[in-house]
Amino acid sequence: MDRLLQLEVFSKTAELGSLSKAAETLRMSNAAASRHLSALEERLAVRLIERNTRRQWLTEAGQELLQRCSTLLNELAEAEDAVSDRALSPKGMLRVTSSLSFAMIYLAPMLPAFRALYPNLSVQIISANRYPDFIEAGIDVAIRTREHEPDSNIIVRRIGQMHRVLAAAPTYLEKHGRPEHPADLARHNMLIYNLANDPYSLRLSKGSTTQTVRIAPTLDSNDGQIICGAARAGLGILIQPLYIVQGDIAAGRLVPVLRDWQLPLLTMNIAYQNRVRLPAKIRVFSDFLVSHIREHSEPGIWIDAAK
């Protein structure tokens, strides 16, 4: 049993980046947590975590052990779930990662209703536009826009597809004019999300006609909220998913352009680790999120949204 507790202390310390935070989470003193970690390193005869006064980091041996013991601890938790009331009443912490825009527009507004159903389940949202490693970051659920995962241990559940739009502020269009054809975009100020697939090349379709336009950024950024803010201020034309800019379009702060030309659809997925038994907290969150999106999205934003 001490061996299992040692692994729990190590795993939680690596996950939270702090021995004191791990001790608090596991409800033990800092001294007790330090003893367990030291005992584990002594028993394995290897240093697992290096520390200085400012930070700590995993050694190579620590990284390998974390991968292995995370799987072991997850399977143990799942086994306990299978024979306890947690399957009916999920408890603990659920860690979710998504873009800042998705978190602001969908995740944060749904949490009051979600918590009312599952009051013993806490939620941590990590806003990130890149895709962190599930194990290293301690992620339970990731909201992602790529259709396939390079890791076969990751399960992808499709939420649906959505439109992307080109839009600009009225002040910008008054000053620079409205593009009438995709080729016109080459002379406009373009605000580009630089983590998109091939962000500096736009493929637009109109019926059976397809045009590909190379664009140079006036602004490029790894966050959609920055791009939206610059567009509202009149800097240029953005390319964003409709769900992000729908409110600005409805309020007249942004105006769509080239509406008769279509950009490729964007696919949104829920991703989580492949496990023998899916933890109840992941299952109920995923189901609730899909239902929330279907019921609270404006018409036309989503295509073939999951049911």
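Everything here concerns the structure above.
Within each chain, residue numbers correspond to sequence positions counted from 1 in written order. In keeping with the model being predicted, local features are shown solely for residues with a pLDDT of at least 70 and side-chain atom pairs are shown and tallied solely at 80 or more, while totals for entire chains, interfaces and linings include all residues. Side-chain numbers come from the whole structure's heavy atoms, not from hydrogens or water.

Asks: Any details on the overall build of the protein? Residues and values, ideally.
Replies: Helix and strand definitions follow DSSP, with helices as H or I runs of at least four residues and strands as E runs of at least two, each counted in order from the N terminus. Helix and strand content of the protein: 10 helices and 15 strands. Out of the 307 residues in the protein, the part that is buried amounts to 43%. Here, residues are in contact when the closest pair of their heavy atoms is within 4.5 Å. If you take every contact in the protein between residues at least 6 apart in sequence, the share linking residues at least 24 apart comes to 72%. When the accessible area of the protein is evaluated, it comes to approximately 16100 Å², of which 49% is carbon and sulfur surface. Only protein chains enter the accessibility calculation, which uses a 1.4 Å probe; a residue is then buried when its area is under 20% of its type maximum, exposed when over 50%, and partly exposed in between. The Shrake-Rupley method, run with a 1.4 Å probe, gives the accessible areas here. Residue values count only the displayed protein chains as cover.

Asks: So what's going on with the pattern of salt bridges? Which residues, and what values?
Replies: Each salt bridge in this description consists of a side-chain nitrogen of Lys or Arg and a carboxyl oxygen of Asp or Glu lying within 4 Å of one another. By the definition in use, this model includes 11 salt bridges. Here D248 ties to R232 by a salt bridge, and the two come within 2.8 Å at their closest N and O atoms. Of the two residues, D248 is situated in helix α9 (residues 242-250) and R232 in helix α8 (residues 224-232); the sequence distance between them amounts to 16 residues. The exposure class assigned to D248 is buried, which follows from its relative accessible area of 7%. Exposure remark for R232: the relative accessible area of 35% places this residue in the partly exposed category. Each of K12, E15 and R95 takes part in salt bridges that share partners, so that together they form one network.

Asks: Any chance you could break down the packing of aromatic side chains for me, citing the residues and the numbers?
Replies: Each pair of aromatic rings taken from Phe, Tyr and Trp, with Trp reduced to its six-membered ring, is defined by centres within 6.5 Å and is described as stacked if the planes are under 30 degrees apart, edge-to-face if over 60, and tilted in the remaining cases. For the structure on display, the rule yields 7 aromatic pairs. Judged by centre distance (5.1 Å) and plane angle (45 degrees), the ring pair of F102 and Y106 falls under tilted. Here the residue F102 and the residue Y106 both occupy positions in helix α5 (residues 100-117), the gap between them amounting to 4 residues, near one helical turn. Both residues of the pair, F102 and Y106, belong to the buried class. Centre to centre, the rings of F114 and Y118 are 5.2 Å apart; their planes meet at 50 degrees, and the pair counts as tilted. Every member of this aromatic cluster is reached through a ring pair, and the members are F102, Y106, Y243 and W302.

Asks: Before we move on, can you summarise the packing of helix α1 (residues 2-16) against helix α3 (residues 30-44) with the specific residues and values?
Replies: Throughout, an axis means a line fitted to C-alpha atoms (over the contacting stretch in the case of helices), and angles, computed between N-to-C directions, take values from 0 to 180 degrees. Between α1 and α3, whose axes approach to 9 Å, the crossing angle comes to 105 degrees. For the element pair α1 / α3, the angle class is roughly perpendicular. Across from R3, L5, Q6, L7, V9 and F10 in α1, the residues of α3 making contact are A33, H36, L37, A39, L40 and R43. Each residue gets one label: Ala, Val, Leu, Ile, Met, Phe, Trp, Tyr, Cys and Pro are nonpolar, Asp, Glu, Lys and Arg are charged, and the others, such as Gly, are polar. Residue composition of the contact of α1 with α3, grouped by class: 8 nonpolar, 2 polar and 2 charged. Roughly parallel refers to an angle under 35 degrees, roughly antiparallel to one over 145, roughly perpendicular to one between 65 and 115, and oblique to any angle outside these ranges.

Asks: Which residues make up the nonpolar core, and what are the values?
Replies: Counting 42 residues, the largest nonpolar core has F102, I143, I159, L238, V245, F285 and L289 as its most contacted members. A total of 7 residues in this core trace back to one element, the largest contributor, which is helix α10 (residues 280-296). When residues are assigned to domains, this core turns out to be shared by domain 2 (92-161 + 267-305) and domain 3 (164-264), each giving three or more. The residues touching F285, leaving out its near neighbours within four places in the chain, are L94, V96, L107, M110, F114 and V141. Throughout this description, the term nonpolar core refers to a set of buried Ala, Val, Leu, Ile, Met, Phe, Trp, Tyr and Cys residues connected via side-chain atoms within 4.5 Å. Membership of the second largest hydrophobic core comes to 17 residues, among which are A168, M190, V213 and I239. Residue ranges assigned to each domain were obtained from an automatic or database domain assignment.

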